[in-house]
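Summary of structural features
The residues making up each chain are set out below.
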Amino acid sequence: EVSFLMRFFQELIAKEIKELKKQGVRVRFCGDRAALGKELQVKMNAAEELTNNETTLQLNLLVNYGARDEIVNAAKGLVKAVLGNELAVDEINEDIFNSYIYTADSPDPDILIRTGGDNIRLSNYMLWQVAYSEMFFIDALWPEFNKDELIKILTKFQKRERRFGGVGAE
């Protein structure tokens with residue numbers, strides 16, 4: 001099953017990447033690539049390189065991704081930087097930590113949509129990045145998620161007061 005999915009993913013990249021570039025989409029693959037096949041890694045790198053200068057939209061595809069793994073890898077990167085005298089411990093803050101995660105070159109998501117109804121959990125997904133995201137848990141399964149569902153969520157999002165950890169207006 002995994003082999004089929006990886007082949008399908010490679011074919012999808014090859015099929016869609018030129019259209020994504022044409023539409024101005026910058027493609028980024030986030031996750032631990034080391035466990036993926038070399039051919040897939042080459043296609044992922046080529047897709048990123050091809051779309052690197054696009055600015056209309058950024059599409060992050062999380063492949064072989066787990067948030068805890070991401071955080072551990074970021075911590076390892078920070079430790080290496082400190083031991084290599086590239087960074088002092090006292091310099092480490094949220095911005096520095098953020099520069100070591102898989103999605104370092106992407107803004108945090110404003111909205112997280114979780115389909116499937118009973119899945120009212122994050123399931124090891126972007127734990128660092130969604131700290132201030134507005135979360136929507138909907139009953140529709142992914143194949144049924146459509147433009148109408150998205151519009152409902154965006155309408156609700158517009159009505160929410162975002163405080164980013166602060167207290168509400170008094």
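Just above sits the structure.
Below is a short write-up of the structure. (Residues numbered from 1 in each chain as written. Predicted model: local features only at pLDDT ≥ 70, side-chain atom pairs only at ≥ 80, totals over all residues. Heavy atoms only, no water.)

1. Some thoughts on the overall build of the protein chain
Regarding its fold elements, the protein chain presents five helices and four strands. Reading the protein chain from its N terminus to its C terminus gives the helix and strand order α-β-α-β-α-α-β-β-α. Here the C-alpha coordinates of the protein chain stretch approximately 45 × 45 × 30 Å along the principal axes. In the protein chain, which comprises 170 residues, the share counted as buried stands at 29%. If you take every contact in the protein chain between residues at least 6 apart in sequence, the share linking residues at least 24 apart comes to 63%. Positive and negative side-chain charges of the protein chain, numbering 22 and 27 respectively, have mean locations separated by a distance of 5 Å. (Helix = DSSP H or I, 4+ residues; strand = E, 2+ residues; numbered from the N terminus. Buried < 20%, exposed > 50% of the residue type's maximum accessible area, 1.4 Å probe, protein only. Contact = heavy atoms within 4.5 Å. Lys, Arg positive; Asp, Glu negative; His and termini not counted. Charge placed at Lys NZ, Arg CZ, Asp CG, Glu CD.)

2. Some remarks on the packing of helix H1 (residues 2–22) against helix H2 (residues 38–51)
The N-to-C vectors of H1 and H2 enclose an angle of 10°; their axes lie 10 Å apart at closest approach. With respect to their mutual orientation, H1 and H2 come out roughly parallel. The chirality of how H1 crosses H2 is left-handed. Within the contact between the two elements, H1 uses Met 6, Phe 9, Gln 10, Ile 13, Ile 17 and Lys 21 and H2 uses Glu 39, Leu 40, Lys 43, Met 44, Ala 47, Leu 50 and Thr 51. Taken together, the residues of the contact of H1 with H2 sort by class into eight nonpolar, two polar and three charged. (Axes fitted to C-alpha atoms, helices over the stretch in contact; angles between N-to-C directions. Parallel < 35°, antiparallel > 145°, perpendicular 65-115°, else oblique. Left-handed = near helix turned anticlockwise from the far one by under 90°. Nonpolar A, V, L, I, M, F, W, Y, C, P; charged D, E, K, R; others polar.)

3. Observations regarding unusual backbone geometry
Residues apart from glycine generally show negative phi values, whereas peptide bonds are mostly found in trans. A positive phi angle, near 50°, is found at Asn 64, a position not held by glycine. Within the element layout of this structure, Asn 64 appears in the loop between strand S2 (57–62) and helix H3 (67–83). One non-glycine residue, Phe 164, lies in the positive phi region at around 50°.

4. Digging into the environment of Tyr 132
If you trace the backbone, Tyr 132 turns up in the loop between strand S3 (111–114) and strand S4 (134–137). What makes Tyr 132 partly exposed here is its relative accessible area of 46%. Through-space distance from the C-alpha of Tyr 132 to that of Arg 162 is 8.2 Å; in sequence the pair is 30 residues apart.

5. Focus: the side chain of Ser 106
Examined against the element boundaries, Ser 106 turns out to sit in the loop between helix H4 (94–98) and S3. The exposure class of Ser 106 is buried, given its relative accessible area of 9%. Among the polar contacts made by the side chain of Ser 106, one reaches the side chain of Gln 58 at a distance of 2.6 Å. Non-local contacts of Ser 106, meaning those with residues more than four positions away in its chain, are made with Gln 58 and Asn 60. (Polar contact = N/O pair within 3.5 Å; in protein donor to acceptor, adjacent residues only side chain to side chain.)

6. Comments concerning the pattern of salt bridges
A complete count under the given rule lists eight salt bridges for this structure. Here Arg 28 ties to Asp 105 by a salt bridge, and the two come within 3.2 Å at their closest N and O atoms. With Arg 28 in strand S1 (residues 25–30) and Asp 105 in the loop between H4 and S3, this residue pair connects regions lying 77 residues apart in the sequence. With relative accessibility at 38%, the residue Asp 105 sits in the partly exposed group. Close ionic contact of Arg 160 with Glu 134 constitutes a salt bridge, the shortest N to O distance being 3.0 Å. Note that Arg 160 is positioned in the segment after helix H5 (147–159) and Glu 134 in strand S4, a separation of 26 residues in sequence. The partly exposed category is assigned to Arg 160, whose relative accessible area is 34%. Looking at Glu 134, the relative accessible area reads 15%, which means it is buried. Look at the salt bridges and you will find they share partners, linking Asp 110, Glu 134, Arg 160 and Arg 162 into a network. (Salt bridge = Lys/Arg side-chain N within 4 Å of Asp/Glu carboxyl O.)

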